[in-house]
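Residue strings, one per chain:
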Amino acid sequence: MLAGSALSSVLAVVLVFALPAKAAPQQMMRRSTPELSLTAQLQIADTAIGRYQLLPTDEDFVYDFTKSKTPFANRKTFPALVGSGTSFSVGQLPACSMAYLHLHPRATELFVLNSGRVLTQMVPEVGVLDSKGKQRVIHTELGPGMMTIFPAGSFHTQVNPDCGPANFTAALSSEDFGIGLVAEQVFSLSDDVIAATFGQSIAGEDIDKVRRAIPGEVVIKVEECLRKCGKQKRHA
Ligand SMILES: *[C@@H]1O[C@H](CO)[C@@H](O)[C@H](O)[C@H]1NC(C)=O
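To keep things clear, this report deals only with the structure shown in the data block. (Residues numbered from 1 in each chain as written. Predicted model: local features only at pLDDT ≥ 70, side-chain atom pairs only at ≥ 80, totals over all residues. Heavy atoms only, no water.)

### Comments concerning the pattern of salt bridges
Part 1 of the reasoning: In total, this model carries 11 salt bridges according to the counting rule given.
Part 2 of the reasoning: A salt bridge links Arg-75 to Asp-176; the nearest nitrogen and oxygen atoms lie 3.7 Å apart. Here Asp-176 lies in the loop between β10 (166–172) and β11 (180–181) and Arg-75 lies in the loop between β1 (72–73) and β2 (87–93), a separation of 101 residues in the sequence.
Part 3 of the reasoning: The class for Arg-75 is partly exposed, based on a relative accessible area of 24%.
Part 4 of the reasoning: Arg-211 is the salt-bridge partner of Asp-191, the closest N and O atoms lying 2.8 Å from each other. Of the two residues, Asp-191 is situated in helix α5 (residues 191–198) and Arg-211 in helix α6 (residues 207–213); the sequence distance between them amounts to 20 residues.
Part 5 of the reasoning: For Asp-191, a relative accessible area of 37% translates into the label partly exposed.
Part 6 of the reasoning: Accessibility expressed as a relative area gives 25% for Arg-211, which makes it partly exposed.
Part 7 of the reasoning: Counted as one network, the salt bridges with shared partners bring together Arg-75, Arg-106, Glu-175 and Asp-176. (Salt bridge = Lys/Arg side-chain N within 4 Å of Asp/Glu carboxyl O. Helix = DSSP H or I, 4+ residues; strand = E, 2+ residues; numbered from the N terminus. Buried < 20%, exposed > 50% of the residue type's maximum accessible area, 1.4 Å probe, protein only.)

### Some words on the nonpolar core
Part 1 of the reasoning: Grouped together as the largest cluster of nonpolar side chains are 11 residues: Leu-93, Ala-99, Phe-111, Leu-113, Val-118, Met-122, Leu-142, Phe-150, Ala-166, Phe-168 and Ala-170.
Part 2 of the reasoning: Looking at this core, the elements that each hand over two or more residues are β5 (109–115), β6 (118–123) and β10.
Part 3 of the reasoning: If you tally residues by element for this core, the top one is β10, at 3 residues.
Part 4 of the reasoning: Tyr-100, Phe-187, Ile-194 and Ile-214 belong to the second-largest nonpolar core, a separate cluster that totals 6 residues. (Core = buried A, V, L, I, M, F, W, Y, C linked by side-chain atoms within 4.5 Å.)

### Remarks on the state of the cysteines
Part 1 of the reasoning: As enumerated under the stated definition, the model contains 2 disulfides in all.
Part 2 of the reasoning: Linked covalently through their sulfurs, Cys-163 and Cys-229 form a disulfide whose S-S length is 1.9 Å. One disulfide, between Cys-163 and Cys-229, carries an S-S torsion of -80° and so falls in the left-handed class. Of this pair, Cys-163 sits in the loop between β9 (155–160) and β10 while Cys-229 is found in helix α7 (residues 223–229), placing the two residues 66 residues apart along the sequence. (Disulfide = S-S within 2.5 Å.)

Here you go:
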């Protein structure tokens, strides 16, 4: 009896304190909901049906690469992608340019060339070896209508070695593919870590020189090609 009434008073206390505590986060949610971006609202929608209700017009399902300031559609720039697990990029590699060595932490990329010519290099994960037992590097040469794959996390770069632009499209297997810039990010580490990482190959006093020499652009002009095409290197 005693134990029973003690238990029920404990329960009553728990309920009294639990109820307002439970109600508070819900009220906070309701208050903050209008401030959530459309992408955030789509992400917390209960069902796919709820997502369609948040995208009421047909235009919500169109992304115009010719008008958009961002050359890629991810779930932030194109909210209709929420729930699809994909994103898309349309771009142009100018004559004699190389895309920064990069990786996508959350996405595999299917890279399709639409015009021009592009040389790609891709470094897969550790343990993928060539016939000599060295790290395998996959080189491709793409013409119009050709595609290659850059698996998620692989280092890759694209070079346009010709005197005209090369247009590409790329599908990515994440709504939020992300970009890692290999050289720039490695050299953001402290000098002692870089010295230990590169061993004797970079003298301590040269680390800053290398750091400053890494171009801060998305595409790097390729000198040899510029000479071939009679173009001037543009300095940023
Ligand atoms: C390449 O893309 C540019 C910009 O989107 C476009 O103006 C041009 O017509 C395209 N070139 C080819 C050959 O498709």
